[in-house]
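Topology and contacts: notes
Now for the letters of each chain:
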Amino acid sequence: MSYWFFDTDNNGRKFELPGAKPHYNPDRPGQVEHIVLDLHLDIPRKRYDGTCTIRLNPVRDGIESLTLDAVNLAIASVQIGNTQQTFDYDGEQLHIHLTQPTKAGERLDVAIAYANDNPQRGIYFIAPDQHYPHKPVQVWTQGEDEDSRFWFPCFDYPGQLATSEIRVRVPKPFIAISNGALIETQAEGDDKIFHWQQNEVHPTYLMALAVGDFAELQDEWQGKPVTYYVEKGREADARRSMGKTPRMLEFFSQAFGYVYPFPKYAQVCVDDFIFGGMENTSTTLLTDRCLLDERAALDNRHTESLVAHELAHQWFGDLIVIKHWSHAWIKEGMASYSEVLWTDHEYGSEEAAYYRLKEARSYISEDSSRYRRPIVTHIYREAIELYDRHLYEKGSCVYHMIRAELGEELFFKAIHRFVNDHAHRTVETVDLLRAIETATGRNLQFLFDQYVYRGGHPDYKVAYSWDADSKLAKVTVTQTQAKEGETGLSSGLFDLKVPIGFGLVQDDQLKDLNTFTVRIHEREQAFYFPLAEKPNFVSFDVGNNILKTVSLEFPVPELKAQLRYDPDPVSRIYAAIALGKKGNLEAVKALGHALTTDPFWGVRAEVAEVLASIKLDQAFAALVEGLKDPEARVRRAVVNALGEIKTPASYDAVKAIAIHGDPSYYTEAAALRVLGAIAASSLNGQSPEAETIALLQDALEQRAGWNEIVRGGAIAGLSKLKTSEAALDLILRYTVLGTPQALRLAAVRALGPISAGQADANGDRILDRLAELADEPFFLTQVAVVTALGQMKTPRAAKILSALADRTADGRVRRMAEEAVRRVRKNSGSEQAMKSLQDDLEQLKKDNRDLRSRLEALEAKGQVEK
C-alpha cells in the first residue's frame, strides 16, 4: 500500500499516543481454507446483500463458538450445512454458538447471510451528485489494514491465509474485477454476474472488488493477461502511466528470483481512492489521480514509482504475507526499495542514488519533527498508525544497507532464498534474518538491532586536516546524536564500518579514489591515513549506503574539488551544502559553476536551493542562469530558490514564468506560488500585492488543467499574502462544493497559512469555514482540514481538531488531528506567552518614560531652585 518510544524520546514527541497498547494476533480456532462471497449490488441505493461462506478446518476438538470480525453489517442468519446456528452480534463481532462442538480436521462451511446499507468503510459507493454531476459511478473496496470486516464477516488479521472467490451481480453495462481468474460471466436480464476465483492463498485484507463502466486495455506478459481499467476517455493516459508494467513484471521476477505467481495482473484506477494504491492480490487499485497526460509526464515519475511499488507487493506482501502488522516493514520497505531498484534499472545509478537520498530525507524529517520509533513495534492504538515514513522510507534504506553489507551477489541470493522459502506463507522479521544467514552465512543481527529494533540513526560531523610534514590525513568523526561520556547502544551511538575515500585529481579528471574502511563506534574518533600526496577532496561514506545525516567541516578548496569531481552525486550534494554554509563569494562561484555544468540534474537542483541560502547579489545572478536549464525539475528548483531572495529582480524573474507559463505544470505552479511569497515582502518599500492578486486570480480563472496543479499553485501563492483580505476572499471562494476536488483541497489547506496575518474577524471566518468542512466525511477533505488547522495558534482550532478526532472513522485522520491539537496548543501557549512578554515590555517602557519624566522634572526643579 502506498501512503505516516520505547527506548528513545525525540524532543518529547513519542510515537505512542494515549490508548496505545501491545497488540497480538488472536488465538486461532482453525485454518481458514476458503472464503466465498456471493453478493448482489444495488448501486443506486448504495447497498448490497448476499452470503459469506467460510470453510474452516478446526485445529482442535471441542470448540463450541466462533468469533468473527464484522462491523456495522446486518446479519440475517448463520448456518453450517443445513443447520441454523444461533449467534450474538454487537455491531463489531459476530459470536456464533455451534450446535455441535468441533472435531479437529472435520471442516465446517459457515454460511453467513447479511446485508450492508450505505457503508462508510471497507466498501465505497461513488456516484455523481448535484455538486459533481460528472463523477463516475463506481464501487470499490479497501481492506488494509483491518477494514475488510466492514464489508464481509471474516477473521480479519493477516495471519490467516485462504483461497477465495467472489461472485457478484451488477447492473449492465458495469464490469466487476476481483482477485484471481475470471471463471465465468453470466447475463441475467438487466444484470450481469461475474465470478472470480483466487486459487492462491492470501489474507482477507487483500480480497478486493472494483465495479464500474471502465475502459479495458489489454497487455500480456509470458501469456498472462496484464490489464488496465480506467474511466472511458482516458485510454491514452492509461498507456502512458502503466504501459511499462509488462517490463516491470519481467524485472521483478528476475530480481526476486520467483516468476510472477498469479494468473493475471490488473490495475484499476478508481475515483476518490483513499490511498495512492493498494496491492490486492493480482488486482491493484490505484487512484485515478496517478493517470498522466502528456504534459504531466514531462517531469512526473511518481506514477511510474507507484506502479512499481504496488507491483513489487505482489511478491512482498501477497506471495509472502506478514504474520502481524508489526512486521509490515518487510513488505512496505521492500516495495519502497523496489522503486529504487526499478529507477536504477530504468534510469541509471545516479538517479537511484538521488532517489535513495530523498527517501532518507523523508524519513529523517519525520524522525526529527514528528516522532522516533523502532521500525518493528507492536505497541500502537490502530495498526494503520504504523504506516509512516519509518515503515516505508526507513525500511527501504535498511534494505539498501543490507545490500551494501552483503554485496550484489549475496544480497539477491538472500532475497531469492527468502522469497522461495516463504512463498504462500506468513513471515516475521526474524525470518528475513534467518534467510540471509542461510543463504550467505552472514549474521546481520547487529544491523537489525541498530536500525530495525530501535529508533534513530547516526548524525555525523566530519572534520578533515592535512599534515604536510608527515603526509597524514586526519579525519575526525563525531556522532552528535549522542551526549558526551555516553557509551553503548543505549546511548544512541551506532557501531558501523564506514568507507572514507581520498580523491586525487589530475588533468581536470578524477585520477583515483583511495578508500579505507574504519569502524566508527564512539562519540568522537580521530583517524589518521598515510598518503603519498595531499588529496584534493575527502569523501565520507563512499557510496553513501549508510542511513545517516552528515555535516562536512572541510576547507573550501576540498569542498570545491568534491563538488566538481566526486563520482557520487549524493557526495557532491553534501559538498554543495557545506559550501553554502561558508557563505562567501568563492563558494558562490563554485556553486554557480555546478548549477550550469554538473551532468546530473539532481545535483543542479540541490545547488539551486543552496545558492538561495547565501545572501550575496552574485547568488541571484547565478540562479537566474538556472532558469535556462533544459530539465524541468531544475527550473522548478531554481524558481523555488528565487522565492527565498525577495527582491524586485527576483519578483520580475518569477513573474515572467508566472505570466507566460512553462512546459512543466509543476514549474509553472511553483512560479505562481513563489510570486505570492515574494509579493508578501516589502520590495524597496513598495508592495506589488494588488498586481500579484490580479495575476493569481487570472490564473485561477483561466488555467484549469491536469490535477489542478497550476491552479493549486495560484492558491498557494495567495496563501502567502497573509494580511490580504482580498486573497482570503479568493481562497474561500474555492472551498465550496462543486470546485474540482484537487483545487478545493488546495484551497482548504491554504486557509492555514493565510490565517497567520489576518484580522480577528477574518480569523473567525476561517475557523467557521474549517468547522463546516470538518463535518464532511471524505477522507481527503478531513486531512486538508487538519493540515490547515494544525498551522493555527488559537484554542478554537484545537477545539475543532479535537471534535474531528473524536468522530472521524479513519485512524490516520484521528492521529493527525491529535498531533495537530498538541501542536496548536503549544503554539497558542507560546503566542500567549509572547504577548505577555510584549505587554510586560511595553509596561517597562511606559514605567521608564514615567521615571525619566519625573527625573527630568526633578532636575528642572533643582535648576530653578538654584
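None of the values given here were measured: they were computed from a predicted structure.

1. Structural notes on the pairing of strand 26 (residues 472–479)
Along a regular strand, successive side chains alternate from one face of the sheet to the other. Buried residues dominate strand 26, accounting for six of its eight residues. Pairing of strand 25 (residues 459–467) with strand 26 involves eight bridges; the strand directions are antiparallel. Residue pairing in the sheet places Val462 in a bridge with Val477 of strand 26. What sits between the antiparallel neighbours strand 25 and strand 26 is a turn of four residues, in which Lys471 has the positive phi angle 55°. The pairing of strand 26 with strand 29 (residues 524–530) spans seven bridges and is antiparallel. Within strand 29, the position partnered with Val475 by the bridge is Phe527.

2. Here's the deal with the sheet that holds strand 4 (residues 65–69)
The strands that make up a sheet pair up through hydrogen bonds in the backbone, lying either parallel or antiparallel. Overall, antiparallel pairing links the three strands, which are arranged 4-8-7 in an open sheet. The sheet is open, and its two borders are formed by strand 4 and strand 7 (86–89), each paired with just one other strand. Each strand axis lies, on average, 20° off the axis of its neighbour in the sheet, ignoring direction.

3. So, the sheet that holds strand 26
Taken together, the four strands give an open sheet; going across it, the order is 29-26-25-31, and neighbouring strands pair in mixed fashion. In the strand order of this sheet, the two ends are held by strand 29 and strand 31 (549–553), each with one partner. Neighbour-to-neighbour, the strand axes of this sheet turn through a mean angle of 20°, independent of strand direction.

4. Side note on unusual backbone geometry
Excluding glycine, most residues fall at negative phi; most peptide bonds, likewise, are trans. Here Glu144 and Asp145 are connected by a cis peptide whose omega angle stands at 5°. Mapped onto the secondary structure, Asp145 falls in the loop between strand 11 (138–141) and strand 12 (162–171). Each neighbour pair has its own omega, and for Lys172 with Pro173 the value is 10°, a cis peptide bond. A positive phi angle, close to 60°, is found at Asn72, a residue other than glycine. Topologically, Asn72 is positioned in the loop between strand 4 and strand 5 (74–80). Of note in the backbone geometry, Asn118 takes a positive phi value of approximately 50° without being a glycine. With respect to the helices, strands and loops of the structure, Asn118 is situated in the loop between strand 9 (108–117) and strand 10 (123–126).

5. A few points about the pairing of strand 10
Of the two faces of strand 10, the one holding Ile123 and Phe125 and the one holding Tyr124 and Ile126 are both buried throughout. As paired elements, strand 10 and strand 11 share four bridges and run antiparallel to each other. Within strand 11, the residue paired with Ile123 across the bridge is Thr141.

6. Overview of the packing of helix 23 (residues 779–789) against helix 24 (residues 795–807)
Closest axis-to-axis distance for the helix 23/helix 24 pair is 10 Å, and the angle between their directions is 155°. By the angle between their axes, helix 23 is roughly antiparallel relative to helix 24. For the element pair helix 23 and helix 24, the recorded crossing hand is left-handed. Only Ala797, Ile800, Leu801 and Leu804 of helix 24 make contact with helix 23, whose side of the interface consists of Gln782, Val785, Val786 and Leu789.

What counts and what doesn't
- Residues numbered from 1 in each chain as written.
- Predicted model: local features only at pLDDT ≥ 70, side-chain atom pairs only at ≥ 80, totals over all residues.
- Heavy atoms only, no water.
- Buried < 20%, exposed > 50% of the residue type's maximum accessible area, 1.4 Å probe, protein only.
- Helix = DSSP H or I, 4+ residues; strand = E, 2+ residues; numbered from the N terminus.
- Pairing = 2+ DSSP bridges.
- Axes fitted to C-alpha atoms, helices over the stretch in contact; angles between N-to-C directions.
- Parallel < 35°, antiparallel > 145°, perpendicular 65-115°, else oblique.
- Left-handed = near helix turned anticlockwise from the far one by under 90°.
- Contact = heavy atoms within 4.5 Å.

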